[in-house]
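Close look at the chain arrangement
Chain by chain, the residues:
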Amino acid sequence: MGNTLVSVSPRVSLIASEQTWIEGNAIQQLEITARLPDMVSVVGMPDLHPGRGYPVGAAFFSQHRFYPALIGNDIGCGMSLWQTDLATMKQSLDKLEKNLGNIDNPLESDALGDIPASLAPYAHSLGTLGGGNHFAELLQIDEIYQPDVTFDKKRLMLLVHSGSRGLGQSILERHVRAYGHHGLLENSEAANDYLQQHQQALDFAAFNRQLIAGRILKRLRTSGDCLLDIHHNLLAPATIEGIHGWLHRKGATPADEGRVVIPGSRGDYSYIVQPLPNASSLFSLAHGAGRKWMRSECKDRLSARFTTEQLARTRFGSRVICRDRQLIYQEAPEAYKPIDSVVGALRQAGLVAVLARMKPVLTYKTRGGRE
């Protein structure tokens, strides 16, 4: 493991190299969670950054009880990766952007099919990305590092990052009103009720990503194959080093479910990796580049240097569709850590083998916005 997996304090570990930006407040939040009742261990990933009370980019392992607040409001947030039938060398950015159009609006009801009655109040969110760091992105495979992988450099990839939208938010709000930020004892009525709702949100999120991808592929008059779909905000029962307990992931990608994608910012590379599962990392990996700056400070830091039009173009020549003036500053590449420092720390820790590198072509955030 070298010096990239370090013990910060009892029950607290951090995966980071000398090149990895880690904010002190994030480590403090990590240490606070380690002191929660029945918490066994916590691990910060290289993309660790402060969240609203709890850190993002971390995994938490508890025994006898679990903490819904650690999962947060976007239960099931994750990513799906598709290999499309679009030829890499034959695509015009102008045509791609025009054909993609606006995917902010709700899907037509006939595109949803039959959905459970319990999800009906949230049907308007299905097929939509949501805000924050959610996105859909067409990418080109730039490098293949393992000769036996099946990726096709001649075809564009589609990456979708979204979650359970308003459903996850409503589940967390109901839970916090009833129980605050206290954990739930396993096998209790409240715990079983949350687990049922949690599974519903996971299913919703996966279905939502499928609908978003289908919507985009249809707009672009093509088809594609789903290579992977992973959640990075979730709770799961787990046995780690002989201890039976509960594994919470908040912005942490599972390392025990096959290949995963670790995206950079919209102006950086993204990587497809093969996890090398290890209990020391709580069988988890980074889920992306991780924020370097708080959202509230991004516009002040960047508006004197970049216009929104400049931020809509990247060093790769790719485009970012984002008509929200605040959001395009909040999501600027400069606000995120370099992805190579994140993936590099995982490699040095012996946690991943890198399979392929991708670069962005066209990123969709939102056609809406506010002045």
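What this report covers is the structure whose coordinates are included nearby. (Residues numbered from 1 in each chain as written. Predicted model: local features only at pLDDT ≥ 70, side-chain atom pairs only at ≥ 80, totals over all residues. Heavy atoms only, no water.)

**Let's talk about empty space enclosed by the protein**
In this structure the tally under the stated criterion is two cavities of 30 Å³ or more. In this structure, the largest cavity spans a volume of roughly 60 Å³. Taken together, Arg-266, Leu-311, Val-320, Cys-322, Ile-328, Glu-331, Ala-332, Pro-333 and Lys-365 make up the lining of the largest cavity. In terms of residue class, the lining of the largest cavity is built from six nonpolar, no polar and three charged. (1 Å grid on protein atoms, 1.4 Å probe; cavity = no way out; pocket = protein on both sides within 12 Å on 5 of 7 lines; lining within 4 Å. Points joined across faces, edges and corners; volume = space filled by probe spheres on them. Nonpolar A, V, L, I, M, F, W, Y, C, P; charged D, E, K, R; others polar.)

**A short note on the pattern of salt bridges**
Two side chains that carry opposite charge are able to pair once their charged atoms sit near each other. Tallied over the entire structure, the rule returns 16 salt bridges. Notably, a salt bridge pairs Arg-155 with Asp-85, separated by 2.7 Å at the nearest N-O pair. Of the two residues, Arg-155 sits in strand 8 (residues 155-162) while Asp-85 sits in strand 6 (residues 78-87), which places them 70 residues apart along the sequence. The salt bridge partner of Glu-137 is Arg-266, with a shortest N-O separation of 2.8 Å. Here Glu-137 is found in strand 7 (residues 135-144), whereas its partner Arg-266 is found in the loop between strand 14 (260-262) and strand 15 (270-275), with 129 residues between them in sequence. The burial state of Glu-137 is the same as that of Arg-266; both residues are buried. Each of Asp-94, Glu-97, Arg-319, Arg-323 and Arg-367 takes part in a single network of salt bridges with overlapping partners. (Salt bridge = Lys/Arg side-chain N within 4 Å of Asp/Glu carboxyl O. Helix = DSSP H or I, 4+ residues; strand = E, 2+ residues; numbered from the N terminus. Buried < 20%, exposed > 50% of the residue type's maximum accessible area, 1.4 Å probe, protein only.)

**Re the side chain of Ser-284**
Residue position: Ser-284 is located in strand 16 (residues 284-286). Here Arg-249 takes part through its side chain, which lies 2.8 Å from a polar atom of the side chain of Ser-284. Apart from the residues within four sequence positions on either side, Ser-284 is in contact with Met-45, Ala-59, Arg-249, Ala-252, Thr-253 and Ala-255. (Polar contact = N/O pair within 3.5 Å; in protein donor to acceptor, adjacent residues only side chain to side chain. Contact = heavy atoms within 4.5 Å.)

**A look at helix 1 (residues 24-34)**
The set of residues buried in helix 1 consists of Ala-26, Gln-29, Leu-30, Thr-33 and Ala-34. Relative to the axis of helix 1, the buried residues are bounded by an arc of 145° and lie together on one face. (Arc of directions from axis to C-beta.)

**Some details on the packing of aromatic side chains**
Throughout the structure, instances matching the rule amount to three aromatic pairs. Note on Phe-66 and Tyr-194: the rings are 6.0 Å apart at their centroids and 40° apart in plane angle, and the pair reads as tilted. Taken as a pair, Phe-66 in strand 5 (residues 65-66) and Tyr-194 in helix 6 (residues 189-219) lie far apart in primary sequence, 128 residues in all. With respect to class, Phe-66 is no different from Tyr-194; both count as buried. Relative to Phe-316, the ring of Tyr-269 lies with its centre 4.9 Å away and its plane at 65°, an arrangement referred to as edge-to-face. Placement of the pair is Tyr-269 in the loop between strand 14 and strand 15 and Phe-316 in the loop between helix 8 (308-311) and strand 17 (319-322), with a sequence separation of 47 residues. What links up through ring pairs into an aromatic cluster is the set Phe-66, Tyr-194 and Trp-246. Over the aromatic face of Phe-135 sits the side chain of Arg-266, whose NZ or CZ is 3.7 Å from the ring centroid. A cation sits over an aromatic face here: Lys-292 above Trp-21, 5.7 Å from the ring centre. (Phe/Tyr/Trp six-rings, centres within 6.5 Å; stacked < 30°, edge-to-face > 60°. Lys NZ or Arg CZ within 6 Å of the ring centre and 35° of its normal.)

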